[in-house]
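# Coordinate analysis (summary)
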Amino acid sequence: MASLRGRVVVVTGASGGVGRAVVRELGARGARVALIARGTAGLGAAAVDVGTAGGDAKVYEADVADYEQVKAAAERVEAEMGPISTWINTAFSSVFAKFTDISPDEYARTTSVTYLGYVWGTKVALDLMGPRNAGTIVQVGSALSHRGIPLQSAYCGAKHAIKGFTESLRTELLADRSGIDVTLVQLPAVNTPQFEWVLSKLRRHPQPVPPIYQPEVAARAIVYAAEHPGRKEYWVGASTAATLMAQRVAPALVDRYLARTGIQSQQTDEKQPSGVSNLWEPADEDKDYGAHGTFDRRSHGHSPQVWLSQHRRAVMVAVGGVAAAVTVARRLAR
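Residues numbered from 1 in each chain as written. Predicted model: local features only at pLDDT ≥ 70, side-chain atom pairs only at ≥ 80, totals over all residues. Heavy atoms only, no water.

### Describing a negative patch on the surface
Stated formally: A patch is a set of surface residues, each over 30% in relative accessible area and not in a salt bridge, joined within 9 Å for like charges and within 5 Å for the nonpolar side chains Val, Leu, Ile, Met, Phe, Trp and Tyr. Computed with the Shrake-Rupley method and a 1.4 Å probe, the accessible areas treat only the protein chains shown as cover for residues. For salt bridges, the criterion is a side-chain nitrogen of Lys or Arg within 4 Å of an Asp or Glu carboxyl oxygen. In this charge count, Lys and Arg are treated as positive and Asp and Glu as negative; neither His nor the chain ends contribute. Think of each charge as sitting on NZ of Lys, CZ of Arg, CG of Asp or CD of Glu. Numbered from the N terminus, helices here are DSSP runs of H or I no shorter than four residues, and strands are runs of E no shorter than two. Think of it in three bands: residues with accessible area under 20% of the maximum for their type are buried, residues over 50% are exposed, and the middle band is partly exposed, with areas taken using a 1.4 Å probe on protein chains only.
Taken together, the side chains of Glu61, Glu281, Glu285 and Asp286 define an acidic patch exposed on the protein surface. Among the secondary structure elements, glutamate 281 is positioned in the loop between strand E13 (267-271) and strand E14 (299-300). Exposure remark for glutamate 281: the relative accessible area of 54% places this residue in the exposed category.

### Let's talk about the pairing of strand E3 (residues 56-61)
Definition in use: Each pair of strands is called paired provided DSSP finds at least two bridges between the two strands. Look down the strands so they point away from you; if the path from the first strand over the helix to the second goes clockwise, the crossover is right-handed.
Pairing of strand E2 (residues 32-37) with E3, which is carried by six bridges, proceeds in the parallel orientation. The residue of E3 that forms the bridge with alanine 34 is lysine 58. Of the crossover connections in this fold, the one passing from E2 over helix H2 (residues 40-53) to the parallel E3 is right-handed.

### Section: the packing of aromatic side chains
Convention followed: Aromatic rings from Phe, Tyr and Trp, with only the six-membered ring used for Trp, were paired whenever their centres fell within 6.5 Å, and each pair was classed as stacked if the ring planes differed by under 30 degrees, edge-to-face if by over 60, and tilted otherwise.
Applying the stated criterion across every chain yields a total of eight aromatic pairs. Taken together, a centroid distance of 5.5 Å and an interplanar angle of 65° make the contact between phenylalanine 92 and tyrosine 155 edge-to-face. With a gap of 63 residues between them, phenylalanine 92 in the loop between strand E4 (84-89) and strand E5 (95-96) and tyrosine 155 in helix H5 (residues 153-175) connect regions that are remote in the sequence. Plain terms: the ring middles of phenylalanine 195 and phenylalanine 295 are 6.1 Å apart, the flat faces sit at 90° to each other, and that makes the pair edge-to-face. Of the two residues, phenylalanine 195 is situated in helix H6 (residues 194-197) and phenylalanine 295 in the loop between E13 and E14; the sequence distance between them amounts to 100 residues. A single burial state applies to phenylalanine 195 and to phenylalanine 295, both of which are buried. Among the aromatic residues, ring-to-ring pairing joins Phe96, Phe195 and Phe295 into one connected group.

### Observations concerning the packing of helix H1 (residues 17-28) against H2
Filter applied, for reference: Simply put, an axis is a line fit to the C-alpha atoms, just over the touching stretch for a helix, and the angle between two N-to-C directions goes from 0 to 180 degrees. Reported orientations rely on four angle classes, namely roughly parallel under 35 degrees, roughly antiparallel over 145, roughly perpendicular from 65 to 115, and oblique for the rest. For any helix crossing, the convention is left-handed if the near helix is rotated counterclockwise from the far helix by under a right angle, and right-handed if that rotation is clockwise. Whether two residues are in contact is decided by their heavy atoms, any of which lying within 4.5 Å being enough. For this classification, the nonpolar set comprises Ala, Val, Leu, Ile, Met, Phe, Trp, Tyr, Cys and Pro, the charged set comprises Asp, Glu, Lys and Arg, and every other residue, Gly included, is treated as polar.
Contact geometry for H1 and H2: axes closest at 7 Å, N-to-C directions at 25°. Accordingly, the angle class assigned to the pair H1 and H2 is roughly parallel. The two elements H1 and H2 cross, and the hand of that crossing is right-handed. Taken together, the residues of H2 that come into contact with H1 (itself represented by Arg20, Val23, Arg24, Gly27 and Ala28) are Gly42, Ala45, Ala46, Asp49, Val50 and Ala53. Residues belonging to the contact of H1 with H2 are distributed by class as follows: six nonpolar, two polar and three charged.

### So, the sheet that holds strand E11 (residues 212-213)
Pairing within the open sheet is parallel, and its three strands lie in the order E8-E11-E14. Of all strands in the sheet, those bounded by a partner on one side alone are strand E8 (189-190) and E14. As paired strands, E11 and E14 are joined by two bridges and run parallel to one another. When the bridges of E14 are listed, isoleucine 212 appears paired with serine 299.

The values reported here are purely geometric and, on their own, carry no functional implication.
Encoded structure:
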């Protein structure tokens, strides 16, 4: 386990949602956290959260879709805070709509933020970590990087691209016997402000596909992955595990199931609010949205699957021990 106490950790998308929960968790671990996002209010509040939790934080405003902005922010981090130990990519944006209702500009912008934002962050991190031959990059993915769903073609496409890009990069690092680790964390549906500020063209209010988890569940898993980066991929939540396994076994059947249920399950009975959209401008420039969305009452604060996944060797040893004990007991009873 690599302790993050006193280490410099960069988090993109740090001002809200999962990224906001991650920086709080890092603060509780005593990390020195560099916060990268666009929204001034959200970033300022996130920095306070880190300090309250026990860490140190500095704010670096940047649009992750712009490579030069990301590079400049990272260079400032190293100059002001010290060598970057860990880089966590969480920033994204999206459009809730059928593919035919999304304009080319909207699709390109979503791809630039959600996919190229990870590519630029990873490139900048590698350029800085490379001479030291040490560091960790954590890509925050989604179950939707394995399984596309309706109304989120831009987001699903970007998450699939992140998975392919990261797998390619990981093989190159392994071939070079690099001391830099890269790992993926695949998340389930999470209760974040995403559903309040992502551009939506739906008639009803968008929602995560149940079951829904609180962002702290995701944050704990992401920070654990940063401390244990040797595994290729982590799955978070029983729904993620079930979705990925179903996709492996019967993908065509999953297609038909989602065609019947996927559109309705992503909308509430409420009308679509006329709120802000963060696709082009930050939603939290003047207002702090925090980590949570509006689905607290329906969200799970814990996931037994995450604990089992993180301790699978111990679980397998324990199961093997129980099986052996049962076998011995049966023999003695004969």
